[in-house]
Amino acid sequence: YTIHVAGTNGKGSVSHMLASILREAGYRTGLFTSPHLTDFRERIRVDGEMIPKQKVVNFVSKHRKDMEECELSFFEMTTAMAFDYFAQSDVEVAVIETGLGGRLDATNIIIPAVSVITNVGLEHTDLLGDSLPKIAREKGGIIKKSIPVIVGEKSSAYNLVIEDIAADRRSAVIYAEQEFECRRQQREGDVQVFDMIRTRDNQQYTLRLPLLGEYQRQNLATVCAVADYLHENTPLSISRRAFVEGVRDTTLLTGFRGRWQRLSTEPTVICDTAHNPDGMRHVAKQLGDITSGKLYCVMGFCEDKNIEQMLCSMPKDAHYIFTRAESRRAASAEQIAAIATELGLDFEWQSTSRQAVEYAKSLMNAEDTLFIGGSTFVLAEILPQ
């Protein structure tokens, strides 16, 4: 069995939570996600364990000539490696995250038990289209004949597009927020506690999630709807215990990192992989709720992202230390400075991600907060290996 997950934001969180739940339910579970943070092998996991280095070497050695002749992209090669490894590992169910879009994505050769679209936002407009309906059509390309699609976030901007594709393929559309309602969301130490109500019978689930982003509320509703669908409509059995414990143990069982992750306290250091305007709006809202001390932000960006829109939503009273990750896709100092100057931000520049973080810490008091983000490449350079 496979579960296919697409979406602009949240697909990583949803995929990791689902993999954790399925593992708790007793299934040998594969998980394919991207990008990685510090190790390529993070992308391909079986029961939480990364693909062994020797398996990567063996696959490339065996198939390199054919892959080069076919002119496969990096992501296409990685997808082939994941599917091959899952087959070798006797995986019973695999959670497969799309790389880009959906319709033409390398992962879109599977026939899943259910398709999932977390949401649709403006991203990769050069490849997916310059409007939400156009991007929704690309992501809706993962919908298969007579296989339901679960949509995490409803929107009048793209609902009809997804419904039209589903109708053409005789597939049901299930909106997560109509299936589950969140009655409580509160922080308790290093976890969030949610009371989720299943609307059809008012069944309540109290769930403890070790992911601290406020935006996880929507992701969790999506996960609830998917797990409920799998249990009720497929041979996959997910007990209440497996569901509750799978959510609780997401980071423990999958090695998931970088989503509103607190790296230290006094001063508080937080990082998040949000790297597009929709994701950054959620992060900015949560940063805006911090009332103690001064906010410092170490940020770098990819040059192909809408940097202006991302920075527009960020707090105006923060002190920004911009940097450039060691990636050919990273935006230059000049590009970022021009935008920050136009927005009237208080900023300076450090040449590397690590230098930027150390410099920010040297300016901070115990009650201050440091946020690190803007690009997964920046996080990759500051997170411990």
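In case you missed it, the structure is sitting above this.
Model, not experiment: these values are computed from the prediction. (Residues numbered from 1 in each chain as written. Predicted model: local features only at pLDDT ≥ 70, side-chain atom pairs only at ≥ 80, totals over all residues. Heavy atoms only, no water.)

A word on the side chain of Asp47. Within the secondary structure, Asp47 is located in the loop between β3 (44–46) and β4 (49–50). On the basis of relative accessibility, which here comes to 18%, the residue Asp47 falls in the buried class. Here the side chain of Asp47 touches Arg28 through a polar contact of 3.3 Å, side chain to side chain. When sequence neighbours within four positions are dropped, the list of residues in contact with Asp47 reads Arg23, Tyr27, Arg28, Thr29 and Leu253. (Helix = DSSP H or I, 4+ residues; strand = E, 2+ residues; numbered from the N terminus. Buried < 20%, exposed > 50% of the residue type's maximum accessible area, 1.4 Å probe, protein only. Polar contact = N/O pair within 3.5 Å; in protein donor to acceptor, adjacent residues only side chain to side chain. Contact = heavy atoms within 4.5 Å.)

Reading across from one edge, β12-β13-β17-β14-β15-β16 is the order of the six strands in this open sheet, with mixed pairing throughout. Either end of the sheet is taken by a strand with one partner, and the two such strands are β12 (261–264) and β16 (346–349). Adjacent strand axes in the sheet meet at a mean angle of 25° when their direction is disregarded. Alignment of β12 against strand β13 (residues 268–271), held across three bridges, turns out to be antiparallel. The partner of Gln261 across the bridge, within β13, is Cys271. Where helix α13 (residues 333–343) meets the sheet, it contacts β15 (319–322) and β16, and its direction lies at approximately 170° from that of β16. Taken strand by strand, helix α14 (residues 353–363) contacts β13, β14 (295–299), β15, β16 and β17 (369–373), and its axis lies near 155° from that of β15. (Pairing = 2+ DSSP bridges. Axes fitted to C-alpha atoms, helices over the stretch in contact; angles between N-to-C directions.)

The method is simple in principle: a probe with the dimensions of a water molecule rolls over the atoms, and the space it marks as empty is what remains. As a volume, the second largest pocket reaches approximately 240 Å³. Around the second largest pocket sit 15 residues that line it, and Arg187, Trp260, Thr268, Ile270 and Ile290 are the ones nearest its centre. Residue composition of the lining of the second largest pocket, grouped by class: five nonpolar, four polar and six charged. (1 Å grid on protein atoms, 1.4 Å probe; cavity = no way out; pocket = protein on both sides within 12 Å on 5 of 7 lines; lining within 4 Å. Points joined across faces, edges and corners; volume = space filled by probe spheres on them. Nonpolar A, V, L, I, M, F, W, Y, C, P; charged D, E, K, R; others polar.)

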